[in-house]
Amino acid sequence: MSATMLTVARTDALFVSALATGSRPGREQVDAVVRAMVRSCHGSRGCAAEVAATYGEVPEYAIRRMAWARRVIRAHFGGTR
């Protein structure tokens, strides 16, 4: 899996997690949450499907949530997404 694909998968998993938008979780917490969400959604594609559903239902919320998730993942793991 390329670094970009891994960044996307982590971002999607964090997006669908129960962590509060705007929170500042540490790297260990983010790593644990990402792993748990990937398992819960039956893989990274399941997380991506949840992201897509959220954008379809409440796009104004999804935009803020995705921006937050991207910032958190970039801060802890690097990446350009």
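What comes next concerns the included structure. A quick note: this is a predicted structure, and the numbers were derived from the prediction, not measured. (Residues numbered from 1 in each chain as written. Predicted model: local features only at pLDDT ≥ 70, side-chain atom pairs only at ≥ 80, totals over all residues. Heavy atoms only, no water.)

On to the overall build of the protein chain. Of the regular secondary structure elements, the protein chain holds 4 helices and 0 strands. Along the protein chain, from the amino end to the carboxyl end, the secondary structure elements read α-α-α-α. Against the globule reference of 12 Å for 81 residues, the protein chain gives a C-alpha radius of gyration of 11 Å, in line with a compact fold. Counted over contacts in the protein chain with a minimum sequence separation of 6, partners at least 24 positions apart contribute 71%. (Helix = DSSP H or I, 4+ residues; strand = E, 2+ residues; numbered from the N terminus. Rg over C-alpha atoms; globule rule 2.2 N^0.38 Å. Contact = heavy atoms within 4.5 Å.)

Here the phi dihedral of H42 falls at roughly 60°; this positive angle occurs in a residue that is not glycine. Secondary-structure assignment places H42 in the loop between helix 2 (27-40) and helix 3 (44-57).

With that settled, the discussion passes to the pattern of salt bridges. Tallying each qualifying case throughout the model produces 1 salt bridge. A salt bridge links R35 to D31; its shortest N-O distance comes to 3.3 Å. Of this pair, R35 and D31 both sit in helix 2, separated by 4 residues, roughly a single helical turn. (Salt bridge = Lys/Arg side-chain N within 4 Å of Asp/Glu carboxyl O.)

Scanning the entire structure with this criterion turns up 1 aromatic pair. Centroid distance F15 to Y55: 6.1 Å. Interplanar angle 10°. Geometry classified as stacked. Here F15 is found in helix 1 (residues 3-15), whereas its partner Y55 is found in helix 3, with 40 residues between them in sequence. Against the face of F77 rests R10, its NZ or CZ located 3.9 Å from the ring centre. (Phe/Tyr/Trp six-rings, centres within 6.5 Å; stacked < 30°, edge-to-face > 60°. Lys NZ or Arg CZ within 6 Å of the ring centre and 35° of its normal.)

By the secondary structure assignment, D12 is in helix 1. When its relative accessible area of 8% is taken as the criterion, D12 is described as buried. The spacing of D12 and A36 is 24 residues in sequence and 12 Å in space, taken between C-alpha atoms. (Buried < 20%, exposed > 50% of the residue type's maximum accessible area, 1.4 Å probe, protein only.)

A word on helix 2. With 14 residues, helix 2 ought to run about 20 Å at 1.5 Å a step, and its terminal C-alpha atoms sit 20 Å apart, in line with that. Listed in full, the buried residues belonging to helix 2 are V30, V33, V34 and M37. For helix 2, the arc enclosing every buried residue in end-on projection is 100°, short of the 170-degree limit, so these residues lie on one face. Away from its buried face by more than 90 degrees, helix 2 exposes E28, R35 and R39. Of the residues flanking the end of helix 2, it is H42, one or two places downstream, whose phi is positive at about 60°. (Expected span 1.5 Å × (residues − 1). Arc of directions from axis to C-beta.)

Such coordinate-based values are descriptive only and should not be taken to indicate function.
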